[in-house]
Amino acid sequence: MLNIQSKLPKVGDTIFNEMSTLALQHQAINLGQGFPDYQPPEALLEEVCQAIRRGPNQYAPMAGIPALRAAIASKVQAQHGVTYQADAEITVTSGATEALASSILALVHAGDEVILIDPAYDLYAPVIELAGGVPIRVPLRVPSPENPQFQLDWNAIEAVISPSSRLLVLNFPHNPTGITLKEADLDALETLLAHSRLLLLSDEAYEHIIFDGRAQYSPVSRSQLAARCVLVSSFGKTFHATGWKVGYCCAPAALMTEIRKVHQYAVYSINTPVQAGIAAYLQQGAQLDALSGFYQQKRDRLAAGLQQTILRALPSEGTFFLLVDVSALGDLPEKTLSLRILHQCGVASIPVSAFYDDPHAPEANHRLLRLCFAKLDATLDAAIERLQTLRIA
């Protein structure tokens, strides 16, 4: 009998894999896991195919091919007005996932406290624990009749900062709630950190998917915040190519030196021809600004269709997710309601409670489910038709 002591005893199968597996088993429409059911841009596919044919097809430099790092530097400078040195301050990673994990493992030491904003993406806490850190969770204000969106509570965040605090993890546009940072939030953040040693990890995987004319307010657009911030993003989300697992992080050289120490032993380097293809596509002038309009149309299509159901859509300012209030189905845990919808009408979703420390706690259950609208219009229409069959409990 093997004597194995788990480093992550509370971790099991993720809710995303669980719901996607059930969707396959029950031939359900999968609006749960966040991936598109359509191809990346044709011009990008062609650049990657050409890169595969001409090579190189061997190891890329550990930090990423120079052309892609240069393209990232240009992109971030144009977007946020901050200059990163491609050779020392930008690293291409195996998706945003590896950028986040390598950053946490590099920067968090045993006993360090890391502040998470709940509901929080499920990657953060396990990696913090692997690093020996302690997750400190601060909840967003939950939707109310007066304000139908989640809201940041900077006073609550300030209240948990202690001498042991090492890192504050931000994720905006926010998965799963779809809220975005405002300029006033950056003001509050600057004031909050003025006399703190706290570092920032800014997960901006959905940075180009923001609606209704809003802007992406990143901490790195403020010099005082950029000096202590790791910026993370995802080409998989931006280019409808989640299976390619290519992302990146940007940070001041002192922080990036430590992140690369972890990165080189976690994956060493990333798929070479895909990097080359993305670099060439970015140099063509990829239409990143068009993404918001593309996804806003899908958001609006799903929200309009849900008006013909007993489910109530909450506002979504960004990401490719829409929260729906399912309280008409009864006063039951969110996962139970999610499974009921899957079995009764064949649509998979993700309970928002899965993004809390204890999914079973009453304070984690607001009768909200997350739907992904990064789907073909035909897929969204079919899901809406099925959801119309739901009846009040």
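Residues numbered from 1 in each chain as written. Predicted model: local features only at pLDDT ≥ 70, side-chain atom pairs only at ≥ 80, totals over all residues. Heavy atoms only, no water.

> What exactly am I supposed to notice about the pattern of salt bridges here?
Pairing between side chains of opposite charge can happen when their charged atoms approach one another. The tally for this structure, following the rule as stated, stands at 21 salt bridges. Between R141 and D153 there is a salt bridge, and its shortest N-O distance comes to 3.5 Å. Within this pair, whereas R141 is found in the loop between β4 (134-139) and α6 (154-160), its partner D153 is found in the loop between β4 and α6, the two being separated by 12 residues in sequence. For R141, a relative accessible area of 40% puts it in the partly exposed group. Taking relative accessible area as the criterion, D153 reaches 17% and is therefore assigned buried. Linked by salt bridges that have partners in common, K182, D212, R214, R299, D300 and E317 make up one network. (Salt bridge = Lys/Arg side-chain N within 4 Å of Asp/Glu carboxyl O. Helix = DSSP H or I, 4+ residues; strand = E, 2+ residues; numbered from the N terminus. Buried < 20%, exposed > 50% of the residue type's maximum accessible area, 1.4 Å probe, protein only.)

> Help me out: how do you make sense of the state of the cysteines in this one?
What is meant by a disulfide is a covalent connection between two cysteines, made through their sulfur atoms. Overall, the coordinates contain zero disulfides when judged by the stated rule. Of the cysteine sulfurs around C249, a residue in no disulfide, the closest is that of C250, at 7.0 Å. In this structure C345 is not part of a disulfide, and its nearest cysteine sulfur, from C372, lies 17 Å away. Among the residues examined, C345 registers a relative accessible area of 8% and is labelled buried. (Disulfide = S-S within 2.5 Å.)

> Just checking my understanding: could you explain the packing of helix α3 (residues 66-80) against helix α11 (residues 272-283) for this structure?
Any two packed helices are characterised by the angle at which their axes cross and by the distance between the axes. Interhelical geometry of α3 versus α11 gives an angle of 40° and a closest axis separation of 8 Å. One way to sum up the angle between α3 and α11 is to call them oblique. Pair α3 / α11 crosses with left-handed handedness. Facing α3, whose interface residues are A67, L68 and A71, α11 presents Q275, I278, A279, L282 and Q283. Grouping the constituent residues of the contact of α3 with α11 by class yields six nonpolar, two polar and no charged. (Axes fitted to C-alpha atoms, helices over the stretch in contact; angles between N-to-C directions. Parallel < 35°, antiparallel > 145°, perpendicular 65-115°, else oblique. Left-handed = near helix turned anticlockwise from the far one by under 90°. Contact = heavy atoms within 4.5 Å. Nonpolar A, V, L, I, M, F, W, Y, C, P; charged D, E, K, R; others polar.)

> Before we go on, may I ask you to explain the side chain of H208 in this structure?
Summarising the element assignment, H208 is placed in the loop between β6 (199-203) and α8 (223-226). Its relative accessible area of 10% is what places H208 among the buried residues. A distance of 3.2 Å separates polar atoms of two side chains, one belonging to H208 and the other to K75. Looking at H208, its side chain comes within polar contact range of the side chain of E207, at 3.5 Å. With residues up to four places along the chain from it excluded, the contact list for H208 reads K75, Q79, T238, L288, L291 and S292. (Polar contact = N/O pair within 3.5 Å; in protein donor to acceptor, adjacent residues only side chain to side chain.)

> In this structure, what is going on with the sheet that holds strand β13 (residues 368-372)? I would like to understand it.
Pairing in this open sheet of four strands is antiparallel, and the strands run β9-β10-β13-β12 from one edge to the other. Of all the strands in the sheet, just β9 (312-313) and β12 (350-351) have a single pairing partner and so form its edges. Of the pairings in the sheet, the one linking β9 to strand β10 (residues 321-325) comprises two bridges and is antiparallel in character. Among the inter-strand pairings, A313 is bridged to a residue of β10, identified as V324. (Pairing = 2+ DSSP bridges.)

> What's the story with the packing of aromatic side chains in this structure? I'm lost.
Aromatic ring pairs: the centre-centre distance and the angle between the two ring planes describe each pair. Scanning the entire structure with this criterion turns up 14 aromatic pairs. Residues F235 and Y248 carry aromatic rings whose centres are separated by 5.2 Å and whose planes lie at 45° to one another, so their mutual orientation is tilted. Here the residue F235 occupies a position in helix α9 (residues 235-238), and Y248 occupies one in strand β8 (residues 247-250), the gap between them amounting to 13 residues. Take Y248: its relative accessible area is 1%, and that puts it in the buried class. On the numbers, 5.0 Å between centres and 80° between planes, the contact of F294 with Y295 is edge-to-face. Judged by its relative accessible area of 33%, F294 is partly exposed. Grouping aromatic residues by their ring pairs yields a cluster made of Y38, Y206, F294, Y295, F320 and F321. Its guanidinium or amino end placed over the ring of F35, K375 lies 4.1 Å from that ring's centre, counting from NZ or CZ. (Phe/Tyr/Trp six-rings, centres within 6.5 Å; stacked < 30°, edge-to-face > 60°. Lys NZ or Arg CZ within 6 Å of the ring centre and 35° of its normal.)

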